[in-house]
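The residues making up each chain are set out below.
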Amino acid sequence: MKVAYVLATNMASSYKLTSMILPQLERDAHGADVVGIFFFDDNLFCLRKGDPVGERLAAVARQKKMLLIVCDMCAVRRGLAEGTLDQCGSGAVKAKGLVDGVTAGCFPQLYAAFAGSPPDYVITL
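This is a predicted model, so every value here is computed, not measured.

Asks: How would you summarise the nonpolar core if you had to cite specific residues and measurements?
Replies: Core analysis: the largest hydrophobic core is formed by 44 residues, its most contacted members being L17, I37, F39, L47 and V70. When residues of this core are traced back to their parent elements, those giving at least two are strand 1 (2-7), helix 1 (12-26), strand 2 (33-39), helix 2 (52-64), strand 3 (67-71), helix 3 (72-77), strand 6 (102-105) and helix 4 (107-114). Filtering out sequence-adjacent residues up to four positions away, F39 remains in contact with L7, L17, L44, C46, L47, L57, L68, I69, V70 and C71.

Given below as structure tokens:
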């Protein structure tokens, strides 16, 4: 079973991802194939280059070929992307200052990334 997570609620990355999902992924004990995680709002901050959680997640994502994508508008507003608010959703915004492998985008980019092999479930946390 393939799942994608959307981290949209307050502290989803600092609690649910950090204490539940990431340790299970690192132990190959999660029970599902996580194909992507979409980060919104302040959940982006765990992906800053050098952050221990972000670096661990980037390593797992590389190994498992997992998509890590940040909301482009959220990233621009937090200084974690190059681009303007007018470019959000176009694919022109680029992540900056984040761990390797993270992209910035919006739903059109998410849909395109999953077009060939969509998840069976999308779980919003």
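After that view of the structure, there is still more to cover.
Asks: So what's going on with the pattern of salt bridges? Residues and values would help.
Replies: Here the structure, examined in full by the defined rule, presents four salt bridges. Measuring nitrogen to oxygen at the nearest pair gives 2.7 Å for the salt bridge that ties R56 to E26. Remark: E26 occurs in helix 1 and R56 occurs in helix 2; sequence separation between them is 30 residues. The class for R56 is partly exposed, based on a relative accessible area of 31%. We classify E26 as partly exposed; its relative accessible area is 37%. Here D28 and K64 are joined by a salt bridge, their closest N and O atoms 2.4 Å apart. Of the two residues, D28 is situated in the loop between helix 1 and strand 2 and K64 in helix 2; the sequence distance between them amounts to 36 residues. Judged by its relative accessible area of 58%, D28 falls in the exposed class.

Asks: Report on the packing of aromatic side chains, specifying residues and quantitative values.
Replies: Applying the stated criterion across every chain, the model contains four aromatic pairs. On the numbers, 5.5 Å between centres and 75° between planes, the contact of F38 with F107 is edge-to-face. Of this pair, F38 sits in strand 2 while F107 is found in helix 4, placing the two residues 69 residues apart along the sequence. According to the relative accessible area criterion, F107 is partly exposed, its value standing at 35%. The rings of F38, F40, F107 and Y111 are connected pair by pair, giving a single aromatic cluster.

Asks: An account of the environment of D100 is requested, with residue identities and associated values reported.
Replies: Mapped onto the elements of the fold, D100 is located in the loop between strand 5 (94-95) and strand 6. The class of D100 is exposed, set by a relative accessible area of 51%. Each residue touching D100, except ones within four places of it in the same chain, is listed here: K49, A58 and R62. Only 3.0 Å separates the side chain of D100 from the side chain of K49, close enough to count as a polar contact.

Asks: Summarise helix 1; cite the residues concerned and give the values.
Replies: The terminal C-alpha atoms of helix 1 lie 18 Å apart, and with 15 residues this falls more than 12% below the ideal 21 Å at 1.5 Å per residue. At T18, helix 1 shows its largest bend, some 50°. Among all positions in helix 1, only A12, S13, L17, I21, L22, P23 and L25 are buried. In the stretch just after helix 1, D28 is the one whose phi turns positive, near 55°.

Asks: Lay out the side chain of D72 with the relevant residues and their values.
Replies: Structurally, D72 can be placed in helix 3. Buried within the structure, D72 lacks any salt-bridge partner; its nearest side chain of opposite charge belongs to K94, at an N-O separation of 9.4 Å. Reaching out from D72, the side chain makes a polar contact with the backbone nitrogen of G89 at a distance of 2.7 Å.

What counts, and at which threshold
- Residues numbered from 1 in each chain as written.
- Predicted model: local features only at pLDDT ≥ 70, side-chain atom pairs only at ≥ 80, totals over all residues.
- Heavy atoms only, no water.
- Core = buried A, V, L, I, M, F, W, Y, C linked by side-chain atoms within 4.5 Å.
- Buried < 20%, exposed > 50% of the residue type's maximum accessible area, 1.4 Å probe, protein only.
- Helix = DSSP H or I, 4+ residues; strand = E, 2+ residues; numbered from the N terminus.
- Contact = heavy atoms within 4.5 Å.
- Salt bridge = Lys/Arg side-chain N within 4 Å of Asp/Glu carboxyl O.
- Phe/Tyr/Trp six-rings, centres within 6.5 Å; stacked < 30°, edge-to-face > 60°.
- Polar contact = N/O pair within 3.5 Å; in protein donor to acceptor, adjacent residues only side chain to side chain.
- Expected span 1.5 Å × (residues − 1).
- Bend = angle between axes of the 7 residues up to and from the residue.
- Lys, Arg positive; Asp, Glu negative; His and termini not counted.

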